[in-house]
Amino acid sequence: MNTRKIFSGKSIRFQLVIILITILIIPVSAILYDIFFLSKTSDMLLTAKEERLKVIVSTLVRDMNASISKQPITFENNITKNQEELLQNTFNHAGKPLTESNPGVRVGIYIPQSENIYVQGFLHGYRNMSPKEEEQREERVYEEAYSGLVAVAASGRPLTRVIGSLGDETFEHLEPVYINKKLVAVAWADERVHPVISYSEGIRFFSKIFTLIIIFIGAIGAMIIIHNYATRVRIIKEGLAELEKDLNKLLPDLPGESGEIAQAINEMAISLSHKEKLEEELHRSERLASLGHLVTGVAHELRNPIGIIKATVQLMEGEYKNDPEFKEFVTVIKEQINRQNTVIKELLDFGRPQKPVIQELSINVLLEGILTFTEPLLRQHKITLHRYLEPELPITKVDGERLKQVFVNIILNAVQAMQNGGNLTISTSASAESVNITFTDNGPGISSTDIPHIFDPFYTTKHSGTGLGLSISHQIVEQHGGTIDVTSTPGEGSTFKVILPRNGFSPENFQDTHN
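Parameters at a glance
Residues numbered from 1 in each chain as written. Predicted model: local features only at pLDDT ≥ 70, side-chain atom pairs only at ≥ 80, totals over all residues. Heavy atoms only, no water. Helix = DSSP H or I, 4+ residues; strand = E, 2+ residues; numbered from the N terminus. Buried < 20%, exposed > 50% of the residue type's maximum accessible area, 1.4 Å probe, protein only. Contact = heavy atoms within 4.5 Å. Areas by Shrake-Rupley, 256 points an atom, 1.4 Å probe, with all protein chains shown as cover. Pairing = 2+ DSSP bridges. Patch = residues over 30% accessible without salt bridge, like charges linked within 9 Å, V, L, I, M, F, W, Y side chains within 5 Å. Salt bridge = Lys/Arg side-chain N within 4 Å of Asp/Glu carboxyl O.

Please explain the overall build of the protein as it appears in this structure.
Scanning the protein from N- to C-terminus turns up 10 helices and 12 strands. A total of 515 residues make up the protein; the buried ones form 37% of that total. Within the protein, counting contacts between residues at least 6 apart in sequence, those at least 24 apart form 67% of the total. A total of about 30700 Å² of accessible surface is found on the protein, and carbon and sulfur atoms cover 57% of it.

Would you explain unusual backbone geometry in this entry?
Glycine aside, negative phi is the norm for most residues, and most peptide bonds take the trans geometry. The backbone of Glu-115 sits at a positive phi, close to 60°, despite the residue not being glycine. Take Glu-115: it is sitting in the loop between strand E1 (105–111) and strand E2 (116–120). Its relative accessible area of 43% is what places Glu-115 among the partly exposed residues. With phi around 55°, Lys-382 is a residue other than glycine that occupies positive phi space. Within the secondary structure, Lys-382 is located in the loop between helix H8 (363–380) and strand E7 (383–388).

Can you walk me through the pairing of strand E10 (residues 434–441) in this structure?
Each regular strand shows side chains that alternate between the opposite faces of the sheet. Buried residues dominate E10, accounting for 7 of its 8 residues. Pairing of strand E9 (residues 422–430) with E10 involves 7 bridges; the strand directions are antiparallel. Bridging across to E10, Thr-425 finds its partner in Thr-440. Taking the residues between adjacent antiparallel strands as the criterion, E9 and E10 are bridged by 3 residues. Relative to strand E12 (residues 493–501), E10 is paired through 8 bridges, and the arrangement is antiparallel. For Asn-436, the partnering residue across the bridge sits in E12 and is Ile-499.

Just checking my understanding: could you explain a nonpolar patch on the surface for this structure?
A surface patch of nonpolar side chains, amounting to about 650 Å² of accessible area, comprises Ile-209, Leu-212, Ile-213, Phe-216, Ile-217, Ile-220 and Ile-224. Summarising the element assignment, Ile-213 is placed in helix H5 (residues 195–245). Judged by relative accessible area, which is 42%, Ile-213 ranks as partly exposed.

Structure representation (structure tokens):
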């Protein structure tokens, strides 16, 4: 039977109920069997046997009293030898008919003062015994019945009990024998318990032990199942709370149905995360498209008056070149004009990106060229460079000049982040589908609230700058069909990972997102 099919589509409650019922079937059946069959059957048989032995012992005591009452001997505090012989003779006379009429029943008397016993009858098949065998038999019977005989002699009250081991048990009834209100002996009758009853009692005992063990195991199993489900529910609950804050924090793998639920939640989170990224890219593209048109128009409007101011300053510089004070003012004006021209150029680059010039080149060679003129800057700011460039990096189709702009922007951002020195690690690697370039610094890092906006135009956390560097870099990488991933831990540093398609891209794939 396929248990998976039985439980398929069933609720957890249903499964737990089925498991508990299955576990409890055996102990409940054993208990019912004990209550309604074994106990009643055994009790009835033992009750009948007890009544029979009581009658035999009572008859024995009565007949002995009747015989002794006819004798002239009087029993005092101490039993004499003659008195014990009288007890023995009256016992033999009264017991022999009882054992003959009740085969399998043994009767006996015990004299507490002398600790002698006298026995009539056999529990098993009858046979004649030698005096020595009879003596050994009496010693064995005495050892078996001793505890009961002493108990009755001490208490003066009848006793019924079962003695022996499983499969060889004896049922016996003992009564005190009083003469002249003095306890002179203990009379008893015993009979073997049928093996069926004996084994039934054993089965009852072991069934109860087995029942307790099964119930104990079932309780532990139920507790483990409930604990496991509770733990998995708690893990899923905590995971959902984390997912509410960050869709990238997926739930751990769990076994069984809980694992399927966790997997479904993770797939949903990945889908939502991908959807959020797509929506974010769409909104960014829409904002960039609108902003690009605005920026291009503004840059054009700024360029004309700046050009006029620059031409006027150049004329004034030639006309008043002999005036030192005027020359100082002209220098300040020229610096500001150049600064504004740089800003206008960035605005035009952002608002109206140039068409790419595609080349087949090695990213490693491109990086080595950039590091040639950036390493002095790194040394100046006490930044140690670590490079791990993959030797077998494949040749890629890219716009080299524009990618230089991306890499230089990222390196300059790292330098500005590590004002007091630090470490910059640049590494390259390749997968089956992409070429990866990673820049890792150990600066102060980027806060989680800033990361979603670092590629937005004019968004900057620096005291100076236009906030266009990373936005232009993101634009260039997107035009290559790639992505820039950013991870950062405040206080530990940031990692920028540029992922480019391994087979590069063609000029016809380039789309100006601002047109």
